Structures are given as C-alpha cells and as structure tokens.
Amino acid sequence: MTYECILTAVHGDGPRKTALITLNRPKALNALNDQLMDELGEALLAFDADDGIGCIVLTGSERAFAAGADIPTMLPHTFATAFKSGLISKNWETILQVRKPVIAAVAGFALGGGCELAMMCDFIIAADSAKFGQPEIKLGIVPGAGGTQRLPRAVGKSKAMDMLLTARMMGAEEAERGGLVSRVVPADKLIEEALAAAETINGFSGPSVMLIKELVNLAYQGPLTDGVAVERRYFHALFGSHDQREGMEAFLAKRAPTFQHR
Ligand code: DAK
C-alpha cells in the first residue's frame, strides 16, 4: 500500500511484530487533513486484521506529533456547510475500532486534534520534548474530537479546564504528573522505548491483551459494577483457553510460557 501522508514499517523478530505508523506532513507540523486521516484509518485497520501484528505504535516527527486538524481546510466553512458535510468527522474515530493496543509515541506538539488523537490511543509515551494542548479557543471554536471529554477524564476537571480555557500547553513532566501520559523518556529514545513496550505486550497472549484493552475501555463507558461484572465473566472465560493453562503451568515449572494466542 502506498501512502502520501503517513509512513508505515514493521518491527521485531518475534512471531508477533509491531507496526509503526508515522504521521508525515512535516511542513504543516503533521496537521491532520482528510487524506491523512483516511490513510491512517486504512493502515490501522489493515494492521489490526494482520495476525502477524501484535501492537501498533503511532508517532509523528521530533517537532510535532500533530499540530491539530488542518486549519486552512476548516477556515471557509459556515455552520451550514460544516453541519451538512459532517466536517472532518467521517474518518476521525476509525482508531477506536482497532482491537489491538495502539501506543502513541509523542514528541513535540500534540495540539488540538493531535492531542485528541493521542488520547484515543491506549496509552501515551511522551518524549521530554512533548507539549500537549487544546488551543481551539484561540481559533474561536471548541474541540471536536473528544478534547472536552477525554482530557478531564485523564487529568481531572481543574487541569482540563485550565488547558481548554487558557489554551496553555502542558509539558511532558506535567502531563505525566497529571496522568495524561504513562511515562516520559528522552526524545532520542522515544521510538526505541515505545517499540520495547510493544514487544513486551507482543510476548503475552493475544486474547488476554485484547480483552484487557476492551475491559479498561469499559471502565470509561459505564458504571463500575457493570464493568466489574463483565471483567469477571471474561476472567472465567479465559479458563477455556490454551494460553491460561500454558501460562500457569509455565509459572509452576519455572519456565517461560509459549503462548499460542488461543
Ligand atoms: N493546520 C495547518 N497548518 C499548520 C497547523 C495546523 N493546525 N499548525 C501549524 N501549521 C503550519 C503553519 O501554518 C506553518 O506553515 P507555513 O507558514 O510554514 O507554510 C508550519 O506549520 C509551521 O508552523 P509555525 O510557523 O506556526 O511554527 P511555530 O513553531 O512558530 O509554532 C505551533 C508551532 C504548533 C505552536 C503553531 O503552528 C500553532 O499554534 N499551530 C496551530 C495549533 C492549533 O491551533 N491547533 C488546533 C487546530 S483546531 C473534529 C476532529 C478534530 C478537530 C475538530 C473536529 N471532528 C471529528 C469533528 C480538531 C480541531 C483542531 O485541531
């Protein structure tokens, strides 16, 4: 598959590998236009369907993960044209259909839609150069891809309000303190660290990995008691798998497990 706005590569030596998707519109700081979002969605779904891939890492450049949705494309719209055409809506949530883990590896600016895209990933590893922000208010608009909803869930109401209302950017350290990112690493180690995290995940049983992703996401969508009940059912269900028996037998035999992802 040839893409113009993203680069794709596959990493790893094990039976399950990691797909690396790099946003690639450097002159516009990876501003997210329709073509880029179409290509990203296509690549994500293709890797999700590929049995040889265990995890996906999504990254940008050293200067910018993504500086938001493409401003020149939005500028000429009126309410009527934005509403009728479903402005920049159709391809923005494809990433949420992906059932394998997607790790955002963020360096530089992750602003507006760029921050929202990172927050749609399963976790964010940040370079020490990362800067997160929702500066839509400076453009006279509000976020449109979940910024007002996911940011408060990640960092709490006060910090989210501060960022959304003042448009200030949050550096990597503050983002880690606030819970937006899972870890901060030196910028020159970002991809290495993200690929290593992916490789660790790739070594585990595929169904366990996918179920954990589903269950954690459930924690954001419904009441605690429902989430805990579903978790218990899946816990019981995994006793029908090969990998449960293998994992426990390997532990008791003090050897590494050989998971077959079934
Ligand atoms: N769109 C298009 N081009 C952009 C851009 C953007 N968002 N951000 C930067 N660029 C371009 C600049 O225009 C400039 O291009 P040239 O002038 O060189 O041709 C080039 O990238 C370099 O930018 P700067 O010269 O400005 O570089 P600086 O280092 O001085 O500043 C900056 C970097 C990131 C602080 C600054 O560029 C900036 O403030 N950029 C805009 C950030 C922003 O406001 N982002 C939010 C956009 S609104 C939705 C889904 C998503 C969204 C909405 C709805 N639905 C699903 C419905 C999302 C909306 C947004 O993201």
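Residues numbered from 1 in each chain as written. Predicted model: local features only at pLDDT ≥ 70, side-chain atom pairs only at ≥ 80, totals over all residues. Heavy atoms only, no water.

The name given to the chain in an unreviewed UniProt entry is enoyl-CoA hydratase, with the source organism recorded as Roseateles puraquae. Its UniProt record, at the heading Function (unreviewed entry), says of the chain: "Could possibly oxidize fatty acids using specific components." (UniProt positions renumbered as here; feature names shortened; annotations may be inferred.)

1. Examining the sheet that holds strand E10 (residues 183-185)
Spatially, the six strands line up as an open sheet ordered E1-E2-E3-E5-E7-E10, and their pairing is mixed. Every interior strand has two partners, whereas the edge strands, strand E1 (6-11) and E10, have only one. The average undirected angle you get between the axes of adjacent strands in this sheet is 25°. Strand direction decides the pairing type here: strand E5 (residues 102-106) and strand E7 (residues 123-127), joined by four bridges, are parallel. The partner of Ala 104 across the bridge, within E7, is Ile 124. (Pairing = 2+ DSSP bridges. Helix = DSSP H or I, 4+ residues; strand = E, 2+ residues; numbered from the N terminus. Axes fitted to C-alpha atoms, helices over the stretch in contact; angles between N-to-C directions.)

2. Topic: the pairing of E1
As paired elements, E1 and strand E2 (residues 17-23) share six bridges and run antiparallel to each other. Within E2, the position partnered with Leu 7 by the bridge is Thr 22.

3. What about the environment of Ile 88?
Secondary-structure assignment places Ile 88 in the loop between helix H3 (79-85) and E5. A sequence separation of 15 residues divides Ile 88 from Thr 73, and the C-alpha atoms of the two residues are 9.2 Å apart. When near neighbours in sequence (up to four residues on either side) are disregarded, Ile 88 contacts Ala 69 and Met 74. (Contact = heavy atoms within 4.5 Å.)

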